[in-house]
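Coordinate analysis (summary)
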Amino acid sequence: MAPTLTGHPGVDAGLARLEALDGVPAEAHVAVYEDVHQRLVDTLAALDQE
């Protein structure tokens, strides 16, 4: 099932990265989770600056 798009490019890109994990070995998931987490933290920090 495809993720529901939020309309925010940074968040949608993170969701797409998570969607790409389907079928990937579990040991590869941690790096992707960390990357998505950092992207979301950066996105939230940018919103605070607006």
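Below you will find a few notes about this structure. All values reported here derive from a predicted model rather than from experimental measurement. (Residues numbered from 1 in each chain as written. Predicted model: local features only at pLDDT ≥ 70, side-chain atom pairs only at ≥ 80, totals over all residues. Heavy atoms only, no water.)

1. What to know about the overall build of the protein
Put simply, the rule is: Helix numbers and strand numbers start at the N terminus; a helix is a DSSP run of H or I with at least 4 residues, a strand a run of E with at least 2. The classification of residues rests on relative accessible area computed with a 1.4 Å probe and restricted to protein chains. Under 20% of the type maximum is buried, over 50% is exposed, and intermediate values are partly exposed. Using a 1.4 Å probe, accessible areas were evaluated by the Shrake-Rupley method; residue-level cover was limited to the displayed protein chains.
Looking only at helices and strands, one finds two helices and zero strands in the protein. Overall size of the protein, expressed as C-alpha extent along the three principal axes, is 40 × 20 × 10 Å. For the protein, buried positions account for 14% of its 50 residues. For the protein, the exposed area adds up to about 3800 Å²; of that, 62% sits on carbon and sulfur atoms.

2. Overview of the pattern of salt bridges
Which entries qualify depends on this criterion: Throughout this description, the term salt bridge denotes a Lys or Arg side-chain nitrogen within 4 Å of a carboxyl oxygen of Asp or Glu.
In total, this model carries two salt bridges according to the counting rule given. Of the charged contacts in the structure, one is a salt bridge between Asp 35 and Arg 39, with a shortest N-O distance of 2.9 Å. In this pair, Asp 35 and Arg 39 are both assigned in helix α2 (residues 29-49), four residues apart and thus about one turn of the helix distant. Under the relative-accessibility criterion, Asp 35 is labelled partly exposed at 25%. Given a relative accessible area of 34%, Arg 39 falls into the partly exposed group. Among the charged side chains, a salt-bridge network with shared partners connects Arg 17, Asp 35 and Arg 39.

3. Description of the environment of Leu 40
Note on placement: Leu 40 falls in helix α2. Using a relative accessible area of 33% as the deciding quantity, one classes Leu 40 as partly exposed. Put simply, Leu 40 and Gly 10 are 30 residues apart on the chain and 7.4 Å apart in space, counted from C-alpha to C-alpha.

4. Digging into the side chain of Asp 12
Selection rule: Note on contacts: a residue pair is in contact if any heavy atoms of the two residues lie within 4.5 Å.
If you trace the backbone, Asp 12 turns up in helix α1 (residues 9-19). In this view, Asp 12 contacts Leu 5, Thr 6 and Gly 7; residues no more than four positions away in its chain are not counted.

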